[in-house]
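Below, each chain spelled out in residue letters.
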Amino acid sequence: MTVEQQARVTNGGATGARRRRSRKDEILEIAVGLFASRGYHGVSMDDIGAAAGVTGPALYHHFAGKEAMLVAALVPVSEGLLDGGRQRAAAHPGDPRPALESLIDFHVDFALANPAVIALHLHELDRMPEEPRRRIRRLQRLYVEEWVAVLTALHTGLPDGEARVLAHAAFGLMNSTPFLGGEVDRRRRAELLRSATLAALLAPTDPA
């Protein structure tokens, strides 16, 4: 699944996700994989064109350059995570336990489908132009707040700041997918990530 297709899924656009992949989707997916494996500065437009089997003019028809690819890879994903998180939290009003389980399922599915995007975000976000970088940071903060609202409803008296610590710890668990080997199949990896994250977030939060 490509980055843009994943964004459509997380936005709830199942019909859009079933559409045929465009050439632009394919090129972006190849670029993301190269950026994640070699680093942003280790990849040239010529490298991307060669891997995608397109010439320079055809490549620039889709993207103005590497920065444009980085923006196209990361902004839709951040938008999709926020929209998907809001939908899942809103589906369980006043019932934080199933809301939390739904958020975890949603994020684990995303993380397993997009390890290269996660690696790209971890290592290359600061290379983006200021405006899209600030936009992504804002989207991320809003996504975290969806988790904070659920966690503070689940754990009575939990301060918002401590809920943010828990949320970021959970993301650390779930976003470990770029570092996982293939010795465990995808279904079992999903089970392990879900159960570990849920256990961490359900643990007592009272001070020791």
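Residues numbered from 1 in each chain as written. Predicted model: local features only at pLDDT ≥ 70, side-chain atom pairs only at ≥ 80, totals over all residues. Heavy atoms only, no water.

1. Structural notes on the overall build of the protein
Secondary structure summary: the protein contains 11 helices and zero strands in total. Ordered by position from N to C terminus, the α and β elements of the protein give α-α-α-α-α-α-α-α-α-α-α. Scored against the burial criterion, the 208 residues of the protein give a buried share of 41%. Within the protein, counting contacts between residues at least 6 apart in sequence, those at least 24 apart form 68% of the total. Put simply, the protein shows about 10,600 Å² of open surface, and 53% of that area lies on carbon and sulfur atoms. (Helix = DSSP H or I, 4+ residues; strand = E, 2+ residues; numbered from the N terminus. Buried < 20%, exposed > 50% of the residue type's maximum accessible area, 1.4 Å probe, protein only. Contact = heavy atoms within 4.5 Å. Areas by Shrake-Rupley, 256 points an atom, 1.4 Å probe, with all protein chains shown as cover.)

2. Re the UniProt feature "DNA-binding region" (unreviewed entry) in the protein
UniProt marks residues 44-63 with the feature "DNA-binding region" (unreviewed entry), using the numbering shown here. In the segment residues 44-63, helix accounts for 75% and strand for 0%; the C-alpha atoms at its two ends are 13 Å apart. (UniProt positions renumbered as here; feature names shortened; annotations may be inferred.)

3. Some words on the pattern of salt bridges
In the structure shown here, the tally under the stated rule is 12 salt bridges. Where Arg187 meets Glu191, a salt bridge forms, and the shortest distance between an N and an O atom there is 2.6 Å. Of the two residues, Arg187 and Glu191 are both situated in helix H11 (residues 186-202); the distance of four residues between them amounts to about one turn of the helix. Note on Arg187: relative accessible area 53%, which makes it exposed. (Salt bridge = Lys/Arg side-chain N within 4 Å of Asp/Glu carboxyl O.)

4. A word on the packing of helix H6 (residues 66-90) against helix H8 (residues 115-124)
Two elements in contact, H6 and H8, have axes whose closest approach is 11 Å; the angle formed by their N-to-C orientations is 110°. Here H6 lies roughly perpendicular to H8, going by the angle between them. For the pair H6 and H8, contact is made by Leu70, Ala73, Leu74 and Val77 and by Val117, Leu120, His121 and Glu124, respectively. When the residues that make up the contact of H6 with H8 are grouped by side-chain class, the tally is six nonpolar, one polar and one charged. (Axes fitted to C-alpha atoms, helices over the stretch in contact; angles between N-to-C directions. Parallel < 35°, antiparallel > 145°, perpendicular 65-115°, else oblique. Nonpolar A, V, L, I, M, F, W, Y, C, P; charged D, E, K, R; others polar.)

5. Here we look at the nonpolar core
Proteins that are soluble and globular tend to have nonpolar side chains buried together. With 56 residues, the main nonpolar core has Phe35, Ile48, Met69, Leu74 and Trp147 as its most contacted residues. Listed by contribution, the elements that provide at least two residues to this core are helix H3 (23-38), helix H4 (45-52), H6, helix H7 (96-113), H8, helix H9 (130-154), helix H10 (160-174) and H11. In terms of residue count, H6 provides more of this core than any other element does, 10 residues in total. (Core = buried A, V, L, I, M, F, W, Y, C linked by side-chain atoms within 4.5 Å.)

6. Re H3
Taking 1.5 Å per residue, 16 residues should reach 22 Å; H3 reaches 22 Å between its end C-alpha atoms and fits that length. All of the buried residues in H3 are Asp25, Ile27, Leu28, Ala31, Val32, Leu34 and Phe35. Gly39 sits one or two residues past H3 and shows a positive phi near 90°. (Expected span 1.5 Å × (residues − 1).)

7. Section: the environment of His155
Residue position: His155 is located in the loop between H9 and H10. Taking relative accessible area as the criterion, His155 reaches 10% and is therefore assigned buried. Separated by 59 residues in the primary sequence, His155 and Pro96 have C-alpha atoms spaced 9.2 Å apart.

8. Side note on the side chain of Ser78
With respect to the secondary-structure elements, Ser78 resides in helix H6. The buried category is assigned to Ser78, whose relative accessible area is 7%. Among residues more than four places away in sequence, those in contact with Ser78 are Ile136 and Leu139.

9. Considering the environment of Ser102
With respect to the helices and strands, the residue Ser102 is situated in helix H7. Of the residues examined, Ser102 reaches a relative accessible area of 18% and is grouped as buried. In the structure, Ser102 is positioned 11 residues away from Ala91 in sequence and 9.0 Å away in space, judged by C-alpha atoms.

10. What to know about the environment of Phe106
When you line up the elements, Phe106 lands in helix H7. Among the residues examined, Phe106 registers a relative accessible area of 6% and is labelled buried. Through-space distance from the C-alpha of Phe106 to that of Gly84 is 7.6 Å; in sequence the pair is 22 residues apart.

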